[in-house]
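Chain residues, written in single-letter form:
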Amino acid sequence: MPDPIRTPSGIPIDPVYRDADVDYARDLGDPGQFPFTRGVQSTMYRGRLWTMRQYAGFGTAQETNRRFRLLLDAGQTGLSVAFDLPTQMGIDSDAPRARGEVGRVGVAIDSVEDMHTLLAEIPLEKVSTSMTINATASTLLAMYIVVAEERGTPRAALSGTIQNDILKEYVARGTYIYPPGPSLALVTELFRFCAAEVPSWNPISISGYHIREAGATAVQELAFTFANTVEYVSRALAAGLRIDDFAPRLSFFFAAHNDLFEEVAKFRAARRMYARLMRDRFQASDTSARLRFHTQTGGVTLAAQQPLNNVVRVTVQALSAVLGGTQSLHTNGYDEALALPSAEAATLALRTQQVLGYESGVAVTADPLAGSYYVEHLTTTLERNAMELLARVDALGGAEKAIAAGFMQEEIARSAYEQQMRIERGESVIVGVNRFGDGQDPPSIPTPDYSALERGQVERVRAVRAARPADAVRRGLAALGEASRGYATTAGDRAPLMPLIIDAVRARATVGEIADALRGTWSEYRPT
């Protein structure tokens, strides 16, 4: 008997599906009702389309601001900021460790003056901003707040999301700085601060995207994302926060890959899993059990060969996100496998969303694939398999202990290897790569003069240091270092850190200096 056809997550696919065994009230419910399988709003996109939030970050704050304004003029409805690696790692652009990396994969932000430039002429009270930053999330949010403050915009008027998901850095990306203990305490501090001071800001975007990009299956993406969620929520509750004070502002970030129906089912399963986890484990209200998520099309699915094929891939992936009920969406540029996306590619990626939203008809009714025997089968199977994997994490003592044991990393590495072997054997077809190739080399794409960019950024950060009040900076950093001692142990007396970080930013302390103040107490994490 031949091997069955399977989804990318290994779920066997029957030739045909018949009447689905679904209890409507228990497993689906109407859109806007528990368990939110069919969406978190009753009318979904009939009331308002998803936020079209294109991710951008180009070397300097000035150049990135130019791209932001181009996208806003083209109809984008939210900002999404990519930061360079030194900024993500808490290293200033003039530090020896930053050499050769400044501005390479995003915008370099050293001080609040760079943030002012990044956000010039953008009305912060009208535009929501997402920032993909983790270990230095508190500092970058502090800079955003100080820019608003110095413009006269109150904190309560600000809306957006800071990624702030440090656990997945230990699993999949590696841009951590401090050990897990104080890092998790800092995440909880941001939960507390945002609930009290910036009520329309999401203090975390718990990311399955980077887990998927590292080679995870859809099942692993769900299971490990929610394992990390359980850890964050448990830490916040242990710190004295009440579930319904912070949980309504938790947000999520998922990938959209090429298997249209599995991806749609994944998003539906995610909402149902989350609703049941929050109600059953944490006795959260229905408001706190609504899964709100941003989606990005799959970076690892893009091919350098025949790059125009990526336009089709991105369209299929974006369609899955919309059919699955995403709240916001980034569509990748077709040339991103070669270089930072060109203005032409970024605009076409935005136009892809606009065609889906305004021309395709997919937004006129909520959850249009509900009731499909196949989609309901996949939704139920993905949820069941992900819950079984989540139970294995629970048995290890939760996400932090599972990460320390290497469990998640090993599971993802195994899946990535198996996926690559299927591609190399030709079992998984990549059009233009392992089938239907044309023998041509990928096209060359012009790249910026990164050396000149780095020199300019080094000059700017040194000019800020020369002009600022040195005594105020020293006092601010010393106060921050002293207060951080309470976060170094689980039994420490934890004074609020965010006001001290904001004070240091206001005095023009840099990202690297603030990180160094915390490194001095917490040290740097070294995986064993």
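Placed above this text is the structure.
Within each chain, residue numbers correspond to sequence positions counted from 1 in written order. In keeping with the predicted nature of the model, local features appear solely for residues at pLDDT of at least 70, side-chain atom pairs appear and are counted solely at 80 or more, and the whole-chain, interface and lining totals rest on all residues. The side-chain quantities take in all heavy atoms of the structure and omit both hydrogens and water.

Draft legend 1. A look at the packing of helix α2 (residues 61-73) against helix α13 (residues 343-358). Note on definitions: angles span 0 to 180 degrees between N-to-C directions of axes, and those axes are lines fitted to C-alpha atoms, for helices only across the stretch in contact. Under the scheme used here, helices are H or I runs from DSSP no shorter than 4 residues and strands are E runs no shorter than 2 residues, and both carry numbers assigned from the N terminus. Running from N to C, α2 and α13 point in directions that differ by 35°, and their axes come no closer than 11 Å. Classified by chirality, the crossing of α13 by α2 is right-handed. Where α2 approaches α13, its residues Arg 67, Leu 70 and Leu 71 are matched on the opposing element by Ala 343, Ala 346, Thr 347 and Leu 350. Side-chain classes are defined by residue name, with Ala, Val, Leu, Ile, Met, Phe, Trp, Tyr, Cys and Pro counting as nonpolar, Asp, Glu, Lys and Arg as charged, and the others, Gly among them, as polar. Tallied by class, residues from the contact of α2 with α13 come to 5 nonpolar, 1 polar and 1 charged. By convention, the crossing between two helices is left-handed when the near helix turns anticlockwise from the far helix through less than a right angle, and right-handed when the turn is clockwise. We call two residues contacting when some pair of their heavy atoms lies within 4.5 Å.

Draft legend 2. Representation of the nonpolar core within the structure. Phe 226 and Met 408 are the most contacted members of the largest nonpolar core, which has 140 residues in total. Other than its neighbours up to four places away in sequence, Phe 226 contacts Phe 252, Phe 254, Ala 270, Met 273, Tyr 274, Leu 277, Leu 291 and Leu 390. Counting 7 residues, the second-largest nonpolar core is a separate cluster that includes Met 89, Ile 91, Ala 98 and Leu 453. Note on terminology: a nonpolar core comprises buried Ala, Val, Leu, Ile, Met, Phe, Trp, Tyr and Cys residues joined through side-chain atoms within 4.5 Å. Residue burial is assigned from relative accessible area. The probe radius is 1.4 Å, only protein chains are included, and a residue is buried under 20% of its type maximum, exposed over 50%, and partly exposed in between.

Draft legend 3. Examining the environment of Arg 292 more closely. The topology assignment puts Arg 292 in the loop between α11 (260-282) and β8 (293-297). Residue class for Arg 292 comes out partly exposed when judged on its relative accessible area of 22%. In this structure, the C-alpha to C-alpha distance between Arg 292 and Ser 205, residues 87 residues apart in sequence, is 9.6 Å. When sequence neighbours within four positions are dropped, the list of residues in contact with Arg 292 reads Asn 202, Pro 248, Arg 249, Leu 250, Ser 251, Phe 252 and Gln 327.

Draft legend 4. Region of the structure containing the pattern of salt bridges. A pair is scored as a salt bridge if a Lys or Arg side-chain nitrogen falls within 4 Å of a carboxyl oxygen belonging to Asp or Glu. Taken as a whole and judged by the stated rule, the model has 39 salt bridges. A salt bridge links Asp 286 to Arg 279; the shortest N-O distance between them is 2.8 Å. Taking the relative accessible area as the measure of exposure, Arg 279 reaches 35% and is therefore partly exposed. Arg 392 is paired through a salt bridge with Glu 411; the nearest N and O atoms lie 3.8 Å apart. Pair noted here: Arg 392 is in helix α14 (residues 373-395) and Glu 411 is in helix α16 (residues 407-424), with a separation of 19 residues, a long-range link. Overlapping salt bridges bring together Asp 92, Asp 94, Arg 462, Arg 465, Arg 468 and Glu 513 as one network.

Draft legend 5. Structural detail: the sheet that holds strand β4 (residues 160-162). We treat two strands as partners when DSSP finds at least two bridges between them. The 9 strands lie next to each other as β5-β4-β3-β2-β1-β9-β8-β7-β6, forming an open sheet whose pairing is parallel. In the strand order of this sheet, the two ends are held by β5 (201-202) and β6 (204-207), each with one partner. On the sheet, helix α9 (residues 218-238) packs against β6 and β7 (250-256) and is oriented at approximately 165° with respect to β7. On the sheet, α13 packs against β1 (51-56) and β9 (328-330) and is oriented at approximately 165° with respect to β1.

Draft legend 6. Layout of the packing of helix α7 (residues 180-197) against α9. Their axes nearest at 9 Å, the elements α7 and α9 cross at an angle of 70°. What the angle tells us is that α7 and α9 run roughly perpendicular. Touching Leu 184, Val 187, Thr 188 and Phe 191 of α7 are Glu 231, Tyr 232, Arg 235 and Ala 236, all from α9. Of the residues contributing to the contact of α7 with α9, the split by class is 5 nonpolar, 1 polar and 2 charged. Here the word oblique covers every angle except those under 35 degrees (roughly parallel), over 145 (roughly antiparallel) and from 65 to 115 (roughly perpendicular).

Draft legend 7. The arrangement of the environment of Val 458 in detail. Within the secondary structure layout, Val 458 lies in helix α17 (residues 450-467). For the pair formed by Val 458 and Asp 94, sequence separation is 364 residues and the distance between their alpha carbons is 5.0 Å. Every residue in contact with Val 458, bar those within four places of it in the chain, is listed here: Ser 93 and Asp 94.

Draft legend 8. View of unusual backbone geometry. Between Phe 34 and the following residue, Pro 35, the backbone shows a cis peptide bond with an omega angle of 5°. Within the fold, Pro 35 resides in the loop between α1 (24-28) and β1. In this structure, Glu 121 is a non-glycine residue whose phi angle is positive, near 65°. Looking at the secondary structure, you find Glu 121 in the loop between α4 (112-118) and β3 (128-132). Judged by relative accessible area, Glu 121 falls into the exposed class, the value being 69%. Positive phi, normally seen in glycine, also occurs at Arg 508, with a value near 80°. You can call Arg 508 buried: its relative accessible area is 14%.

It is worth stressing that arrangement in space is one thing and function is another; only the former is reported here.
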